[in-house]
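Here's the letter readout for the chains.
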Amino acid sequence: MSGGSDSYKNAGVDVQAGYEGVKLMRRHVERTNIPGVISEIGGFGGLFSLADYKNYENPVLVSGTDGVGTKIRVAQLMDKHDTVGIDCVAMCVNDIICSGAKPIFFLDYIAIGKNTPEKIASLVSGVAEGCVRAGCALLGGETAEHPGVMAADDYDLAGFAVGIADRFQMIDNGGMMSRIAPGDVVIALPSSGLHSNGFSLARKVLDVERDGVLNQFYPDLGCTLGEEILKPTEIYVKPVLNCLNAGVKIKGLSHITGGGFYENIPRCLPDGMTAKIKRDLIQTPVIFDILRKTGDIPEDDMYHVFNMGVGMALVVSQEDANKTTDILCQSNCDAYDIGEIVKGDEGVILC
């Protein structure tokens, strides 16, 4: 009769595979080390020193957690696992940058049916790449093998980010101290495509489970359907921080995720203010046209579900608008105006 570890393996949990996974991911994690990291991967807790942040007069920690959603299924179908980690980081850090907080560290959680070290390392390589793009450390994480609960090839990925901001320099986003006023400009930060929202509808409309669908080449996309919809979510941390560091007074910032324009843009506005968005100014990628036509989806519904090419919406005064777009474009973010703030309680108007 086998010993304890063999019995555990017979039950579906391979401890040795877990150890091997940690070895393979170590080099990816080390890429993300920044000042403040004072622990190595493998400990019970990740340690981060705030000694280098003494210049914050009234420091506030800002946290966010999210996952990749059913985009994971497309990665599984394509057997390509090195980009969804970028999505996972993006979904968290793009939320906390909306407060003006600089991300400092990130932790991931991977639940998987069967621990394959190479697959785990591929997933973590994407997480590490996302952390590098966001300028934060991958401080730790957890890989949990779930035999009997998940199929062997199934996995899910979620994460948690922490950032830091000075309380009196934070973006108020519709709070009591909001400075948003009629005439302010709404600026679009372009998305890379679907990002990580609306995939339950997108997968159904595009019939991604059918053989060959994801490998179909679309001339208008310049790539296969699978390559297009697996494009990782843009990370907007560095462009936004560049604006703040240059003295731009960002009055509001919305991450356009689940709920599209109608749910997310109002989240950065105070009562009595509405964003008036001009549809014809929005630069919508081809993938959204393919979705709308294939699924016969009403255009208004598209704006309720998808980002439609706008990953973030940023509000500044008219005086700061040109400076803001210039800084964003210099940060490889081809931002452009899409509307203005008006009086009203509609939250957002698309016209």
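Here, residues in each chain are numbered from 1, in the same order as that chain's written sequence. Predicted model: local features are reported for residues with pLDDT of at least 70 only, side-chain atom pairs are reported and counted for 80 or more only, and whole-chain, interface and lining totals are derived from all residues. Derived side-chain values reflect all non-hydrogen atoms in the structure, with water molecules and hydrogen atoms excluded from consideration.

So, on to the sheet that holds strand S4 (residues 155-166). Hydrogen bonds between backbone atoms are what pair the strands of a sheet, whose relative direction is either parallel or antiparallel. Overall, mixed pairing links the 4 strands, which are arranged S1-S4-S2-S3 in an open sheet. Two strands lie at the open edges of the sheet, namely strand S1 (59-67) and strand S3 (137-145), each paired on one side alone. Neighbour-to-neighbour, the strand axes of this sheet turn through a mean angle of 15 degrees, independent of strand direction. Think of it this way: DSSP has to see at least two bridges between two strands before they count as a pair. Numbering of helices and strands starts at the N terminus; helices are DSSP runs of H or I of at least 4 residues and strands are runs of E of at least 2. Across 10 bridges, strand S2 (residues 102-112) lies against S4 in antiparallel orientation. Bridge pairing in S4 places phenylalanine 106 opposite alanine 161. To obtain each axis, a line is fitted to C-alpha atoms, and for helices this fit is confined to the stretch in contact; angles are then taken between N-to-C directions over 0 to 180 degrees.

Moving on, we get to the pattern of salt bridges. The working definition used for a salt bridge is a side-chain nitrogen of Lys or Arg within 4 Å of a carboxyl oxygen of Asp or Glu. Evaluated as defined, the whole model comprises 11 salt bridges. Between glutamate 129 and arginine 133 there is a salt bridge, and its shortest N-O distance comes to 2.9 Å. On the criterion of helical spacing, the pair formed by glutamate 129 and arginine 133 is a turn pair, its members being 4 residues apart in helix H5 (residues 117-134). Via salt bridges that share partners, Arg31, Glu129 and Arg133 belong to a single interconnected network.

To continue, consider the packing of helix H6 (residues 199-206) against helix H10 (residues 286-295). Two numbers describe how H6 lies on H10: the axes approach to 9 Å, and their chain directions differ by 60 degrees. Between H6 and H10, the angle falls in the class oblique. For the crossing formed where H6 meets H10, the hand is left-handed. When H6 is examined against H10, the residues Ala202, Val205 and Leu206 are found in contact with a partner set consisting of Ile290, Leu291, Thr294 and Gly295. For this scheme, ten residues count as nonpolar: Ala, Val, Leu, Ile, Met, Phe, Trp, Tyr, Cys and Pro. Four count as charged, namely Asp, Glu, Lys and Arg, and the remainder, Gly too, count as polar. Considered class by class, the residues forming the contact of H6 with H10 number 5 nonpolar, 2 polar and no charged. To sort the angles, those under 35 degrees are grouped as roughly parallel, those over 145 as roughly antiparallel, those from 65 to 115 as roughly perpendicular, and the leftovers as oblique. Should the near helix be turned counterclockwise from the far one by less than a right angle, the crossing is left-handed, whereas a clockwise turn marks it as right-handed. We call two residues in contact when some of their heavy atoms are within 4.5 Å.

With respect to topology, 6 strands assemble into an open sheet ordered S8-S10-S5-S11-S9-S12, the strand pairing being mixed. The open sheet has two edge strands with one neighbour each: strand S8 (252-255) and strand S12 (348-350). Along the sheet, successive strands turn relative to each other by an average axial angle of 25 degrees, direction set aside. Where strand S9 (residues 273-277) meets S12, 3 bridges bridge the pair, whose relative direction is parallel.

This brings us to the nonpolar core. Only buried residues count toward a nonpolar core. Its members are Ala, Val, Leu, Ile, Met, Phe, Trp, Tyr and Cys residues joined through side-chain atoms within 4.5 Å. Categorising residues by exposure relies on relative accessible area from a 1.4 Å probe, with only protein chains included: less than 20% of the type maximum marks a residue as buried, more than 50% marks it as exposed, and the intermediate range marks it as partly exposed. One finds Phe106, Ile229, Phe261 and Ile277 to be the most contacted residues of the largest nonpolar core, which totals 97 residues. For this core, the leading source of residues is helix H4 (residues 84-96), giving 8 residues. The contacts of isoleucine 277, once residues within four sequence positions are left out, are Val186, Phe261, Ile265, Ile282, Ile338, Gly339, Val348, Ile349, Leu350 and Cys351. With 8 residues, the next largest nonpolar core counts Phe48, Tyr53, Ile104 and Leu139 among its residues.

All right, on to the packing of aromatic side chains then. Centres within 6.5 Å make a pair out of two Phe, Tyr or Trp rings, where for Trp the six-membered ring is used; the pair is then stacked when the planes are under 30 degrees apart, edge-to-face when over 60, and tilted otherwise. In total, this model carries 5 aromatic pairs according to the counting rule given. Considering the side-chain rings of tyrosine 53 and tyrosine 56, the 5.9 Å spacing of their centres and the 45 degrees angle between planes classify their relative orientation as tilted. Of the residues examined, tyrosine 53 reaches a relative accessible area of 11% and is grouped as buried. Judged by centre distance (5.1 Å) and plane angle (85 degrees), the rings of phenylalanine 261 and tyrosine 303 are edge-to-face. Residue phenylalanine 261 is located in helix H9 (residues 260-264), and its partner tyrosine 303 is located in helix H11 (residues 299-305); the two are separated by 42 residues in the primary sequence. With relative accessibility at 0%, the residue phenylalanine 261 sits in the buried group. Judged by its relative accessible area of 2%, tyrosine 303 is buried.

By secondary structure assignment, the location of proline 232 is in the loop between helix H7 (225-229) and helix H8 (237-245). Residues in contact with proline 232, not counting those within four places in the same chain, are Lys71, Thr83, Ile86, Asp87, Arg133 and Ser192.

Before going further, it helps to examine helix H12 (residues 318-330). One fewer than the residue count of a helix, multiplied by 1.5 Å, yields its expected span. Across its 13 residues, H12 extends 19 Å between first and last C-alpha, which sits within 8% of the 18 Å expected from 1.5 Å per residue. Every buried residue of H12 is accounted for by Asp320, Ala321, Thr324, Thr325, Ile327 and Leu328. Mapping the buried residues of H12 onto a view down its axis gives an arc of 165 degrees, with all of them on the same face. In H12, the exposed positions that point more than 90 degrees away from the buried face belong to Glu319, Asn322 and Gln330. Buried residues belonging to H12 abut strand S5 (185-190), H8, strand S10 (310-316) and strand S11 (336-343). Just downstream of H12 lies asparagine 332, where phi reads positive at about 60 degrees. Arc, as used here, means the arc of the directions from the helix axis to the C-beta atoms.

Summarising burial for S4: 9 of the 12 residues are buried, a large majority. Summarising the sheet, S1 and S4 pair through 9 bridges and their orientation is antiparallel. Residue pairing in the sheet places proline 59 in a bridge with aspartate 166 of S4.

When you line up the elements, isoleucine 290 lands in helix H10. What makes isoleucine 290 buried here is its relative accessible area of 13%. When the C-alpha atoms of isoleucine 290 and asparagine 58 are compared, they prove to be 48 Å apart, with 232 residues separating the residues in sequence. If we skip the residues at most four places from it in the chain, isoleucine 290 touches Leu206, Tyr218 and Leu221.

Shape descriptors only; they carry no functional weight alone.
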